[in-house]
Amino acid sequence: LVDVGEGVRTQTVAVLRQAWIERVSPCLVLNKIDRLIVELQMEPLEAYRRLQRLIENVNAVCGTFYQEQFLEHAHGMDASDENSVSTDAIKDKMEREGTLRRAFEFSPALGNVAFASATMSW
């Protein structure tokens, strides 16, 4: 749940990290979209760009979870074997172990983003 007026906060990152750890597929809810119109008096294109940036910011946060996982596995591999430290070798090893996960990716086109406004009952 992300307040479109405030953006991504610490609690959002914590909830996304927990979802990553527990291997659940979350849905992103962009809440209070009425604030873009009523309070911030944005034009439609400006509001669209704001929502797009918010989704990109959430995706960037989620991408860090994937990178952390990847780097942990890379660090654990034997550095003396040149082939084992390649990106492909790390991915292959993670796939064999069943530890490779796709990064969360939120997009309205994927059907995992909801737009809400409790005040306006949207």
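Placed above this text is the structure.
Residues numbered from 1 in each chain as written. Predicted model: local features only at pLDDT ≥ 70, side-chain atom pairs only at ≥ 80, totals over all residues. Heavy atoms only, no water.

S.K.: Looking at this structure, how should I read the overall build of the protein?
M.R.: Looking only at helices and strands, the protein has four helices and three strands in total. Ordering the α and β elements of the protein from the N terminus gives β-α-β-α-α-α-β. The buried share of the protein, taken over its 122 residues, is 34%. In the form shown here, the protein has an accessible surface area of approximately 8100 Å², with 51% of it arising from carbon and sulfur atoms. (Helix = DSSP H or I, 4+ residues; strand = E, 2+ residues; numbered from the N terminus. Buried < 20%, exposed > 50% of the residue type's maximum accessible area, 1.4 Å probe, protein only. Areas by Shrake-Rupley, 256 points an atom, 1.4 Å probe, with all protein chains shown as cover.)

S.K.: How should I be thinking about the pattern of salt bridges in this particular structure?
M.R.: Should their charged atoms come close, side chains of opposite charge can pair. Counting across every chain of the model gives five salt bridges. Where R35 meets D3, a salt bridge forms, and the shortest distance between an N and an O atom there is 3.0 Å. In this pair, R35 is assigned in helix α2 (residues 34-38) and D3 in strand β1 (residues 2-3), connecting sequence segments 32 residues apart. Both residues of the pair, R35 and D3, belong to the buried class. Members of the salt-bridge network, linked through shared partners, are D3, K32, R35 and E39. (Salt bridge = Lys/Arg side-chain N within 4 Å of Asp/Glu carboxyl O.)

S.K.: Got a minute to help me understand unusual backbone geometry in this structure?
M.R.: What you tend to see is this: most non-glycine residues have negative phi, and most peptide bonds are trans. Even without glycine at this site, K32 takes up a positive phi of about 65°. Structurally, K32 can be placed in the loop between β2 (28-31) and α2. Positioned with a positive phi, Q41 is a non-glycine residue whose angle comes to about 45°. Mapping Q41 onto the fold places it in the loop between α2 and α3 (44-76). Judged by relative accessible area, Q41 falls into the exposed class, the value being 62%.

S.K.: Would you explain the side chain of R50 in this entry?
M.R.: Within the secondary structure layout, R50 lies in helix α3. One buried charged residue, R50, forms no salt bridge at all, with the nearest opposite charge on E46 at 6.5 Å. Residue contacts for R50: discarding those within four places in its chain leaves V4, G5, L36, L40 and M42. (Lys, Arg positive; Asp, Glu negative; His and termini not counted. Contact = heavy atoms within 4.5 Å.)

S.K.: Before we go on, may I ask you to explain the sheet that holds β1 in this structure?
M.R.: Strands belonging to one sheet form pairs held by backbone hydrogen bonds; the direction of such a pair is parallel or antiparallel. Within the open sheet, the three strands sit side by side as β1-β2-β3. Their pairing is parallel. Only two strands of the sheet have a single neighbouring strand rather than two, namely β1 and β3 (113-115). The pairing of β2 with β3 spans three bridges and is classified as parallel. Its bridge partner lying in β3, V29 is registered against A114. Across the sheet, α3 lies against β1, β2 and β3, angled at about 145° from β2, the strand it touches most. (Pairing = 2+ DSSP bridges. Axes fitted to C-alpha atoms, helices over the stretch in contact; angles between N-to-C directions.)

S.K.: Just to check I follow, could you spell out the packing of α3 against helix α4 (residues 87-97) for this structure?
M.R.: Angle between the axes and distance between the axes: these two values describe a pair of packed helices. With their axes 10 Å apart at the nearest point, α3 and α4 run at an angle of 95° to one another. Compared by their axis directions, α3 and α4 come out roughly perpendicular. On α4, the residues touching Y66, Q69, F70, H73 and A74 of α3 are T87, I90, K91, M94 and E97. Considering only residue class, the contact of α3 with α4 consists of five nonpolar, three polar and two charged. (Parallel < 35°, antiparallel > 145°, perpendicular 65-115°, else oblique. Nonpolar A, V, L, I, M, F, W, Y, C, P; charged D, E, K, R; others polar.)

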